[in-house]
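Topology and contacts: notes
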Amino acid sequence: MSSTSSSGAGGAVDRDHKAIAEAIEAHRECEGPLLPVLHAIQDRLGYIPREAIAAVAHALNLSRAEVHGVISFYHDFRAEPAGRHMVRLCQAEACQSVGSEALAAHARARLRVDFHQTSADGVFTLEPVYCLGGCACSPTMMLDGRLYGRVTPERFDRLVAALERDK
Amino acid sequence: MNATAYVPSDAAALAVGAEEVARAIQRTAAARGDEVQLVRNGSRGLVWLEPLVEVATPAGRIAYGPVTPEDVAGLFTGGFLSGGAHALRLGLTEEIPYLKRQERLTFARVGIIDPVSVSDYEAHGGWRALRNALAMGGAEIVEAIVQSGLRGRGGAAFPAGIKWRTVVNAPGEIKYVVCNADEGDSGTFSDRMIVEGDPFALIEGMTISALAVGAKRGYVYLRSEYPDAERTFRSAIAAARSAGCLGEDILGSGRSFHLELRRGAGAYICGEETAMLESLEGKRGMVRFKPPLPAIEGLFGKPTVINNVITFASVPIILDKGAKYYADFGMGRSRGTLPFQLAGNIKRGGLVEKAFGITLRELLYDYGGGSASGRPIRAVQVGGPLGAYLPESQFDTPLDYEAFTAIGGMVGHGGIVAFDDTVDMAQMARYAMEFCAIESCGKCTPCRIGSTRGVEVIDRIRQGERRQANVELLRDLCETMLHGSLCALGGMTPFPVRSALEHFPEDFGVPGKAARAA
C-alpha cells in the first residue's frame, strides 16, 4: 500500500491529522468502532492516508496489521486518493441483461481509463460495482454518490460533460 | 388552488429524474400562485412508470407517469392538481392493474405515506403492533411469529420464530438484534424500498424482536451502495426516538431499545450473517464456522437475532392483525407473502408483493409484460447471483421455497432477473465464478481457489479446448465447491453454473445429452 498523501503543504498534513483525530474521537466509544472510524476518515479525506493506520491502531488498541487488513479487505476503502469525480458502473447480472458491458466499454473509451483507474488529469475514477439496487431501471451507475438509471451512452456523455464543465 | 402532490424520494425514482420533477412542480406552482403541498413518498414499486407523480383528489390518488421536468408545465395547464386530463394520466393509482392485483402486507404503506413522518405512519396503522407487543410476554410474541409461519426473507428461509426462541432460551444478560440490510444480490431492491419508503416498519419490527428476546441494543447493517437509504434511515431513527417509540422508555413502558445504523463497506460477503457480525465487530468480513449459531454466540459472542429487512418489516402486520391473518396467505410451508422484484430485461420492472405460489410465468408476463427488448425471454435468474438460471420450460414452477429447491433453484430474496435470447449463458456461468472470486472472503479453499479455477475452465470450454473433458472437470469442481465450502457463496455459486450448463449446453458448445452424461 503506497500513499502519496499529504506530502505537499503542511496545511494538508494538518487537515489530515485533524480529520483522523476527529474521526477517532467521534466513534471510539461505540461498539466495534473500526469501520465507523475508517468511514469517517474517508468521508472527510476521500481515502485513508497511510498515517491514519498507526493513529487508529493506537487509539483502538489494535495492531497496525489488523487495521491494514480491514482497509484492504473492503472494496470501499481506498489507500490512495481518487479522482475528483467517482464513476461507479454497475456490472452485475440485471445490468448485464440490458447492456452494461457495452456501457462499460463506452465509459472506458470516453474517460480513457480502465476500471480501478483514475484519468490522467485526475478528474475521474472509474470503478465497477456489483448492484446499486436500481435493477428495475438498469443499466445503473453512481456518480459522486448519486444513482442514475436507464443510462444510455448518450446520457452517460451528458452527465460526464456536465461534471467536466464545473470541475 | 390548493393541492397535495406526491413525488417519490426512492433512489430508483431519483435515478430517473424525480428530484428534477419535484423542483419543476414547486417552481411552476410558485409561478402560477398554486399552493402545492409536496410529499416525498417512497415508490409504489411501478418502477417503469417512475418518476410517478400523484395528486390527492376526493376520489383517491391519481397517478401520472413517467413524468419528465418538461412535462410539468403541461400537467399544470391540464389541471393535474385536481386530477385533470393529460397524456401521462394513469387514473387512480390503486386501480392500476399491476398494483391492484398485488397482496401488499409488508409493503402496505410503501409509496403511500411520508416515510419519515411518525404521525403519518401512525395514521396508517403504525405502532399498533408495538403496543400489542408491550402488553405481551416475550414467549407470547415468539409464539405469534412461530404461528405466522414467517421464514427468513434474506434467502435461507429459516423459521424466524424458531430463531427468536433460540435466542430467548440462550443464557446471558446481554443480547442483540441485528438487521441484515446488506442487500447485495443483483436484481433485488425490496430492502432498499422498505428502508426508504417505510423505515418505521423496520424499526417497529426490530423493537418487537428486542422486546421478545430481551435485547436492549440493535444494529442495522446497511450496505454502502445505498446512500439514499442511509439518509432516510438516520432521519427515521431520530424521529422515532423523539416520538418516544425507540430508545429509553418506549411508549412509556419503561422498556428500552437502542438502535444504530452501521454502514457496510462494499463487501458482498458481509451479507452472509457471520461475516456481517465480524464486520460489525470491526474486523475483516470473514465467515465464521457454525456452530456456534449466532442465536447462541453472535455479535460480540452474545446471543443475537439476525434477520433480514423484509423479515423484520413483516413482523408488525403479524402482531397487529394476528398470526393467522398472515399465515392464511401462501402455500405449503411457505406462508405469507414475498415482495418479488422484477428486474433486468423486463418491460415493466418493479416490485410485486404476492402470496407464495404465484408462478414465474405470471410474474414475467402478466406483471412484467415480457422482455424490455421485445425479444423472447430465454433465461431467468431467481434468487440473486447464487440462484439457478431457469429456462422457459420451468417458468410454471410456483414460487415456493420447497418447489424451487426441488428444481435445483432457490427463491432466495425474491429477485428475478430476465434475459432475452441474446444472452450467452456460458458467459453468465463465467461471470458467476468471477463474481465468487472477486467477493470470496478467502477463508475456505473451494471458494477462494475453486472460483478462479472455475473461470479458467469455462474459458477453456468457450475456446473449444478439450471441451468434453473440461465440462466434466467443471462439473467436478462444482461438486467440490458445493460440498466443501464454508458458506453459501462458494457453496451455491455452482447453482448458476450448473443450471446454465444443464439447460443451455449449446452455449458451451456441447450437445445437451453429452453435457448431462457426466
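Source: prediction; values computed, not measured. (Residues numbered from 1 in each chain as written. Chains lettered and ligands numbered in written order. Predicted model: local features only at pLDDT ≥ 70, side-chain atom pairs only at ≥ 80, totals over all residues.)

Quick look at the overall build of chain A
When its secondary structure is counted, chain A shows 7 helices and 5 strands. Mapped in sequence order, the helices and strands of chain A form the string α-α-α-α-β-α-α-β-β-β-β-α. When the backbone C-alpha atoms are referred to their principal axes, chain A occupies close to 50 × 35 × 25 Å. Evaluated residue by residue, chain A yields a buried proportion of 40% over its 167 residues. Considering only residue pairs separated by 6 or more positions, chain A has 58% of its internal contacts joining residues 24 or more positions apart. (Helix = DSSP H or I, 4+ residues; strand = E, 2+ residues; numbered from the N terminus. Buried ≥ 20, exposed ≤ 12 C-beta atoms within 10 Å, placed from the backbone. Contact = placed C-beta atoms within 7 Å.)

Concerning the nonpolar core
All names here are of chain B. Val178, Leu202, Val380 and Ala429 are the most contacted members of the largest nonpolar core, which has 221 residues in total. Top element by residues in this core is helix α10 (residues 199-213). It accounts for 10 residues. Sequence-distant contacts of Leu202, that is, excluding residues within four places in its chain, are made with Cys179, Ile194, Val195, Val309, Phe312 and Ala313. (Core = buried A, V, L, I, M, F, W, Y, C linked by C-beta atoms within 7 Å.)

Brief notes about the domain arrangement of chain A
What the domain assignment reports for chain A is domain 1 (10-73) and domain 2 (85-165). Distance from the C-alpha centre of domain 1 of chain A to the C-alpha centre of domain 2 of chain A: 29 Å. (Domains from an automatic or database assignment.)

Digging into unusual backbone geometry
For the peptide bond that leads from Gly65 of chain B to Pro66 of chain B, omega is -10°, which places it in the cis range. Relative to the elements of secondary structure, Pro66 of chain B occurs in the loop between β4 (60-64) and α3 (72-77). Of note, His116 of chain A is a non-glycine position whose phi angle comes to about 70°, a positive value. With respect to the helices, strands and loops of the structure, His116 of chain A is situated in the loop between α6 (100-111) and β2 (117-118).

So, the interface of chain B and chain A
With 47 residues of chain B at the interface, the matching set in chain A holds 35 residues. Secondary-structure elements contributing two or more residues to the side of chain B that touches chain A are α1 (11-15), β8 (258-263), α12 (273-280), β12 (337-344) and β16 (415-420) of chain B. For the side of chain B that touches chain A, the residue count by class is 23 nonpolar, 15 polar and 9 charged. (Nonpolar A, V, L, I, M, F, W, Y, C, P; charged D, E, K, R; others polar.)

Observations concerning the packing of helix α1 (residues 10-27) of chain A against helix α3 (residues 50-60) of chain A
All names here are of chain A. Where α1 meets α3, the axes come as close as 10 Å, and the angle between the chain directions of the two elements is 30°. Our classification of the angle between α1 and α3 gives roughly parallel. Of the two possible hands of crossing, α1 and α3 adopt the one that is right-handed. Contacts between α1 and α3 involve Asp16, Ile20 and Ile24 from the first element and Glu51, Ala52, Ala55, Val56 and Ala59 from the second. Tallied by class, the residues present in the contact of α1 with α3 amount to 6 nonpolar, no polar and 2 charged. (Axes fitted to C-alpha atoms, helices over the stretch in contact; angles between N-to-C directions. Parallel < 35°, antiparallel > 145°, perpendicular 65-115°, else oblique. Left-handed = near helix turned anticlockwise from the far one by under 90°.)

Thoughts on the sheet that holds β12 of chain B
All names here are of chain B. The mixed open sheet is built from 5 strands, whose spatial order is β13-β12-β16-β14-β15. Strand pairing shows two members of the sheet lacking a second neighbour, β13 (350-355) and β15 (389-391), which therefore form its edges. For this sheet, the mean inter-axis angle between neighbouring strands, taken without regard to orientation, is 30°. Relative to β16, β12 is paired through 4 bridges, and the arrangement is parallel. Bridging from a neighbouring strand, Gly344 pairs with Ala418 of β16. (Pairing = 2+ DSSP bridges.)

Thoughts on the domain arrangement of chain B
Domain assignment breaks chain B into domain 1 (2-100), domain 2 (118-327), domain 3 (330-420) and domain 4 (425-517). Each of domain 1 of chain B and domain 4 of chain B was reduced to a C-alpha centroid, and the two centroids are 47 Å apart.

Here we look at the environment of Arg498 of chain B
Looking at the secondary structure, you find Arg498 of chain B in helix α22 (residues 494-503). A sequence separation of 20 residues divides Arg498 of chain B from Cys478 of chain B, and the C-alpha atoms of the two residues are 7.4 Å apart.

A few points about the pairing of β12 of chain B
Residue and element names in this part refer to chain B. With respect to burial, β12 is a largely interior element, 8 of its 8 residues being buried. Of the pairings in the sheet, the one linking β12 to β13 comprises 6 bridges and is antiparallel in character. In the strand pairing of β13, Leu338 is matched with Lys354. Counted between consecutive antiparallel strands, the loop separating β12 from β13 contains 5 residues.

Focus: the sheet that holds strand β1 (residues 85-90) of chain A
Residues and elements named next belong to chain A. The strand order across the open sheet built from 5 strands is β2-β3-β1-β4-β5, with neighbouring strands paired in mixed fashion. The two strands at the open ends of the sheet, each matched to only one other strand, are β2 and β5 (146-148). Inspection of the sheet shows strand β4 (residues 141-143) paired to β5 by 3 bridges, in the antiparallel sense. The partner of Met142 across the bridge, within β5, is Leu147. In the packing of α6 onto the sheet, the strands contacted are β1 and β3 (124-129), and the crossing angle to β1 comes to about 155°.

Quick word on helix α15 (residues 360-367) of chain B
Residues separated by three or four positions in an α-helix point in the same direction, a consequence of the helix having 3.6 residues per turn. Residue and element names in this part refer to chain B. Listed in full, the buried residues belonging to α15 are Leu360, Leu363, Leu364 and Tyr367. Down the axis of α15, the sector holding all buried residues measures 120°, keeping them to one side. Buried-residue contacts for α15 involve α4 (97-100), β12, β13, β14 (377-382), β15 and β16. A positive backbone phi angle near 70° is found at Gly369, which sits one or two residues after α15. (Arc of directions from axis to C-beta.)

A few points about the confidence of the model for chain B
The share of residues in chain B with pLDDT of 70 or more is 99%, and the mean pLDDT across the chain is 97. Taken over the whole predicted complex, pTM reads 0.97, whereas the ipTM for its chain interfaces reads 0.95. (pLDDT = per-residue confidence, 0-100.)

Points about the pairing of β16 of chain B
Residues and elements named next belong to chain B. Among the 6 residues of β16, 6 are classified as buried, and the element is accordingly described as predominantly covered. Of the two faces of β16, both are covered, the one formed by Gly415, Val417 and Phe419 as well as the one formed by Ile416, Ala418 and Asp420. Bridge count for β14 against β16 is 5 bridges, and the pairing is antiparallel. Within the sheet, the bridge partner assigned to Val382 lies in β16 and is Ile416.

Notes on α12 of chain B
Among the 8 residues that make up α12 of chain B, 8 are buried, leaving the element largely enclosed by the rest of the structure. Those residues of α12 of chain B that sit buried are Glu273, Thr274, Ala275, Met276, Leu277, Glu278, Ser279 and Leu280 of chain B. Buried residues along α12 of chain B sit in contact with α2 (34-45) of chain A together with β6 (176-181), β7 (217-222), β8 and β9 (304-308) of chain B. In the segment just after α12 of chain B, Gly282 of chain B is the residue with positive phi, at about 90°.

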